[in-house]
Each structure stands twice: as structure tokens, then as C-alpha cells.
Amino acid sequence: YLPNFKNVAPLFVSPEFDTGNKFGVPWQWGTTGIAYRSDKVNPPPDSWGVFHDAKYKGKMTQMDDLRDTVGAWLKFRGKSLNATDAADLEQAKKDAIAAKVNLKAYVSAPVKGQLVAGDVWIAQLWNGDTAQAKVEEAKIEYVLPKEGAGIWTDSLVIPASAPHKRAAHAFMDFILRPEIAASISDFTGYGTPVAPAMTLMKNPVPYPTDEERKRLEYQKDLGQAA
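An account of the accompanying structure is given in this report. (Residues numbered from 1 in each chain as written. Predicted model: local features only at pLDDT ≥ 70, side-chain atom pairs only at ≥ 80, totals over all residues. Heavy atoms only, no water.)

Here the focus is the nonpolar core. Generally speaking, nonpolar side chains in soluble globular proteins are found buried as a group. One finds Ile-34, Trp-48, Phe-51, Tyr-56, Trp-73, Ile-122 and Leu-176 to be the most contacted residues of the largest nonpolar core, which totals 42 residues. Of all the elements in the fold, those that place two or more residues in this core are β1 (25–37), α1 (66–76), α2 (86–100), β6 (149–156), α5 (165–175) and α6 (178–188). Ignoring any residue separated from it by four or fewer positions in sequence, one finds Leu-176 in contact with Leu-2, Asn-4, Phe-5, Asn-7, Val-8, Val-25, Pro-26 and Val-194. By size, the runner-up hydrophobic cluster in this structure holds nine residues, among which are Val-107, Leu-115, Ala-123 and Ile-140. (Core = buried A, V, L, I, M, F, W, Y, C linked by side-chain atoms within 4.5 Å. Buried < 20%, exposed > 50% of the residue type's maximum accessible area, 1.4 Å probe, protein only. Helix = DSSP H or I, 4+ residues; strand = E, 2+ residues; numbered from the N terminus. Contact = heavy atoms within 4.5 Å.)

Encoded structure:
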């Protein structure tokens, strides 16, 4: 029993990947969209299709995670990022290859420094890492593509073999305190699932609107299809 679990926002209670929160306690959440330099990119990107724009050749990166990269191109064509249909995946492959010629690299978190330096102008990236980069360079912005994107939740879990389960439960309850959750998210730049923490944060990450929720998907375990 975690007394502070009552602070978790409804969006993160009993998520599709952990019905009833049987296995984990949410502690951070975020989305995977597009970070860009507002002083270099005009108009602002609103679609995964920007990676097909040769105008920015050599100034763009996509993530080095297969599911994220392929998922973006599935969404680009109006498909689920969890699609397993052979024809859908073949089209995503073609789109990914078409984008590859315009990319500087496939890279995830380390692209932050390149965005700050101006070596990269457009990057597929997580919203929190974008926020971290924006601390150093105010001209870095973030957008959720109109076709949709991935949402994810980082959770704390206790291994069955953990020798100090009581202490682990106490720690979980500790991070669900509003003031603690607020300080964690202010540091990381990611969203907090602890609703009362929102009013305590210096830079709160808004929960997705109903319109945005329709465009966001969690990745599912696709087994061998992945």
C-alpha cells in the first residue's frame, strides 16, 4: 500500500501496459517528437515529413532506436506505431531510407549538444531532453507532429529478488510526494505523473490535451514481430 499513490493523475493510473498498476509506479512521462532550432528552421516543422526535406540535408538526425524511427514513419502514413502489417512496414522502410540521405546521424540523447551548438537544426527527440537543451539555447523548440507520436511512462518496479522490499516501497511512496516529484521533474525536464506537483514546478510540463491524446500511442511489446 502506497498512501501517496492518490496523487497520481488519472492519465497514469492503470495504464494499458500495466493494468491496475500491478507492477510499477509511474515517476516520469514524456513524448517523442521533433526538436528544432527556431532561428534556423522556417516555417516550424509540423510533420515527420520534414526529414524528407532536402533543404535541411546534413542538419537533421533521427533517433538510434529502431522502434522510434520506424514508428515515426508508420505514423507519417497514418498507421499505428505498433503496426505489424508487412505492407505498412515496407512503406515505413521506404520512407526511412528516403529520409536517411538527409540525416547527419542516427543519435538520441547526445544530439542535445549538437542542437545547442547549431550543428543540428532538426532532431527526433524526447520532450524532456529538448527542455534540457533549451536551458542552454533558448532558440530550441519542440513540437508533436500532426500525424502523431509516441508517449511513454518511466516506472519504478521492485524485483522479486529484492532483499529490502519494505525500503523500496517507502522510496516509491517518497517520490510520489508532490514536492519531491516537482523537484525531480524540474531537474529532468520531463513531466510528472503526480498531479499536485504541477503547481509546485518552476516549468511544469502540461498533460496532453484531449486532441493530443488522440495522436499519442504507447509502444507495445510486439514479440517476434518487432
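Turning next to the environment of Asp-85. Along the chain, Asp-85 turns up in the loop between α1 and α2. Assessed through its relative accessible area of 41%, Asp-85 is described here as partly exposed. Within the local environment of Asp-85, its side chain forms a polar contact with the backbone nitrogen of Ala-87, the two atoms lying 3.0 Å apart. (Polar contact = N/O pair within 3.5 Å; in protein donor to acceptor, adjacent residues only side chain to side chain.)

Burial runs high along α1: eight of the eleven residues are buried. Along α1, the residues that are buried comprise Arg-67, Asp-68, Thr-69, Gly-71, Ala-72, Trp-73, Leu-74 and Lys-75. The opening residue of α1, the one whose side-chain oxygen lies 3.0 Å from the backbone nitrogen of Arg-67, is Asp-65. One or two positions beyond α1, positive phi appears at Gly-78, with a value near 80 degrees.

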